[in-house]
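Notes for the structure review
What follows is each chain in one-letter form.
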Amino acid sequence: MIVNFFNMNLNFKDNKALIRVDFNVPLDKEYKITDDTRIREAIPTIRHILDQGGAVILMSHLGRPLEKLNSDGSINREKFTLQHLVKHLKKKLKAKVHFADDCVGKQAVKKAAALKPGEVLLLENTRFYQEEEKGDEAFAQKLAALGDIYVNDAFGTAHRAHASTTIVARFFDKQHKTFGFLMEREIENATRAMKEPAKPVTCVTGGSKVSDKIMLLEKFLDYADNILIGGAMAYTFFQAKKGAVGNSLVEPDKLKIAKEFLKKAKAAGVKVVLPKDSVCGDKFAADAATQVCPSNQIPDGWMGLDIGPAAARAFAGVIRKSHTVIWNGPMGVFEMEAFANGTRVVAKACAAATKKGAFTMVGGGDSVAAVNQMKLSKKVSFVSTGGGAMLEFLEGKELPGIKAITE
Ligand code: AMP
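A brief report on the enclosed structure follows. Residue numbering note: each chain is counted from 1, following its sequence as written. Thresholds applied to this predicted model are a pLDDT of at least 70 for local features of residues and 80 or more for the giving and counting of side-chain atom pairs; totals over whole chains, interfaces and linings are not thresholded and use all residues. Only hydrogens and water are set aside when side-chain values are computed; all heavy atoms of the structure are taken into account.

Considerations on the site of the ligand
Summary of the distance rule: residues count as near a molecule or strand when at least one heavy atom falls within 4 Å of that molecule or strand. In the vicinity of the ligand, 14 residues are found, and the nearest of them are Ser208, Gly304, Gly332, Glu335 and Asp366. In this structure, Ala232 approaches the ligand through a main-chain N or O atom, which is 3.3 Å from a nitrogen atom. For this analysis, a polar contact is any N or O atom pair within 3.5 Å, provided that within protein one partner can donate a hydrogen and the other can accept it, and provided that sequence-adjacent residues contribute only side-chain to side-chain pairs. With respect to the ligand, the backbone of Gly304 contributes an N or O atom lying 2.9 Å from a nitrogen atom. Summarising the interface, the protein chains cover 84% of the accessible area of the ligand, which totals 510 Å² for the free molecule. Cavities and pockets were defined on a 1 Å grid built from protein atoms only: a cavity is a group of points that admits a 1.4 Å probe but offers it no way out, a pocket is an open group of points flanked by protein on both sides within 12 Å along at least five of seven lines, and a lining residue is one with an atom within 4 Å of any such point. A pocket or cavity is taken to hold a molecule when more than half of that molecule's atoms are within 2 Å of the pocket's grid points. Here the ligand occupies the second largest pocket. For the shell around the ligand, the per-class residue count stands at six nonpolar, five polar and three charged. Methods summary: accessible areas were calculated by the Shrake-Rupley approach with a probe of 1.4 Å, and residue burial reflects only the protein chains presented. Three classes are used: nonpolar for Ala, Val, Leu, Ile, Met, Phe, Trp, Tyr, Cys and Pro, charged for Asp, Glu, Lys and Arg, and polar for all others, with Gly counted as polar.

Right, dumping it as structure tokens:
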């Protein structure tokens, strides 16, 4: 793919950059940010433009306000407003940050027009408008009218053809639209991992469903030497191989696909490693009774909730010997301490491989949360900010948000 990276020739001085960022950060009950990774990752692009003497207009969504309306059908503005982010943003940017309580209405237009170089305007949640997710042209055109240059730095939503992520780019010519630094890094790293990676290449997948990851697994066959499968997905594979998996999470309609995948991997000469043993619980709960069982001999009434110690050792051994590692999805229910060990061991093995010079990338889904939780994000080569977007990129799909800038 030819990518038109951050266009350094663009002159932001005295221009207003309309930047789509992904500020969809988790908030606690008091609306305090519990993980500001996504904001921190967007700072370099914003800072670059402000330092050049430009002004910045930020657009983002936060949560799914139209799916979680108040009982009277109105938008729960208190919960989903981007106003919650203003104070934090001011602190991080050390710049004046204004807020408009709409995106294309009078206030946004007025505040955008009055914006001075070095200042920032944060628009209200783009998903307050149903036009956003519909990719409405008229709405996108109104957004476009607020700025002189469009910058897409929201990798996390690049797989959506929404108004602010994709359609808005139609209203800027090639000289007036670009990726931001974060987007550039995401594309660069994922491309590096997929195209001519240093061998041996190990792909690690986990998480809950085979159905979510089957396309990824198939794509991995193109370049992986080893595929390690953990998480609940593994039990669909064990069931397909006629193992006993007790009450583990299984997708009965995916048994055939799982079997076929194993056959394809064999034909392609790719080694698939399933977890030999599992940490099982008698219920899906943090205080469940636990025992370690062979993953194909899980007793009735018990469910596999993490890869076992032998499997974790085996996975770590393969990872440590790899020169490229791509990891997507946790090995178990890492949110519960009793079932977090497998994910922790894999994360540490990635860190060890990185130290020895391997390129290691964690992207797409909950493995990113796991690596952050384990404070290992700085010890791997790259941690993606894009869950679904990275998953689709790794699956080899063309993301509409990327295409809109490059075409
Ligand atoms: P995904 O979004 O597909 O990456 O799935 C992540 C979720 O899968 C996490 O919330 C994990 O708790 C969950 N998970 C991982 N392993 C298991 C398992 N063995 N049984 C049930 N859920 C699991």
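Read on, since the account is not over.
Some thoughts on the pattern of salt bridges
Any carboxyl oxygen of Asp or Glu within 4 Å of a side-chain nitrogen of Lys or Arg constitutes a salt bridge here. Using the criterion set out here, one finds 18 salt bridges in the structure. As a salt-bridge pair, Arg20 and Glu132 come within 3.5 Å of each other at their nearest N and O atoms. Pair noted here: Arg20 is in strand E1 (residues 16-20) and Glu132 is in helix H5 (residues 130-134), with a separation of 112 residues, a long-range link. Accessibility expressed as a relative area gives 0% for Arg20, which makes it buried. Note that Asp36 is salt-bridged to Arg40, the shortest N-O span being 2.7 Å. Exposure is judged per residue with a 1.4 Å probe applied to protein chains only, and the accessible area is read against the type maximum: over 50% gives exposed, under 20% gives buried, and values in between give partly exposed. Classification of Asp36 as buried rests on a relative accessible area of 13%. The partly exposed category is assigned to Arg40, whose relative accessible area is 38%. Going along the chain from the N terminus, every DSSP run of H or I of four or more residues is numbered as a helix, and every run of E of two or more is numbered as a strand.

As for the packing of helix H1 (residues 37-51) against helix H3 (residues 86-93)
Note on method: axes are straight lines fitted to C-alpha atoms, helices fitted across the in-contact stretch only, with angles between N-to-C directions ranging 0 to 180 degrees. Here H1 crosses H3 at 60°, and the two axes come no closer than 10 Å. As far as their axial angle goes, H3 and H1 are oblique. Considering the relative orientation of H1 and H3, their crossing is right-handed. Taken together, the residues of H3 that come into contact with H1 (itself represented by Ile39, Arg40, Ile43, Ile46, Arg47 and Leu50) are His88, Leu89, Lys92 and Leu93. Orientation categories follow fixed angle ranges, with anything under 35 degrees roughly parallel, anything over 145 roughly antiparallel, 65 to 115 roughly perpendicular, and all other angles oblique. Note on convention: near helix rotated counterclockwise from far helix by under a right angle means a left-handed crossing. Clockwise means right-handed. Throughout, a contact is declared for two residues whenever any of their heavy atoms are within 4.5 Å.

Some details on unusual backbone geometry
Of note, the amide linkage connecting Lys199 to Pro200 takes the cis form, showing an omega dihedral of 0°. Structurally, Pro200 is set in the loop between helix H7 (181-194) and strand E7 (201-205). Positioned with a positive phi, Lys94 is a non-glycine residue whose angle comes to about 50°. Relative accessible area serves as the criterion here: at 74%, Lys94 is assigned to the exposed category. Positive phi is not limited to glycine here, since Lys375 has a value of about 55°. On the secondary structure map, Lys375 appears in the loop between helix H13 (366-373) and strand E17 (382-383).

Some thoughts on helix H6 (residues 137-144)
What H6 keeps buried is the set Phe139, Ala140, Leu143 and Ala144. End-on, the buried residues of H6 take up no more than an arc of 140°, which puts them together on one face. Lining the buried residues of H6 we find E1, strand E2 (55-59), strand E4 (120-123) and H5. By the N-cap criterion, in which a side-chain oxygen at the helix start approaches the backbone nitrogen of a residue two or three places on, H6 is capped by Asp136, the distance to Ala138 being 3.2 Å. Taken from the helix axis, the directions to the C-beta atoms give the arc we talk about.

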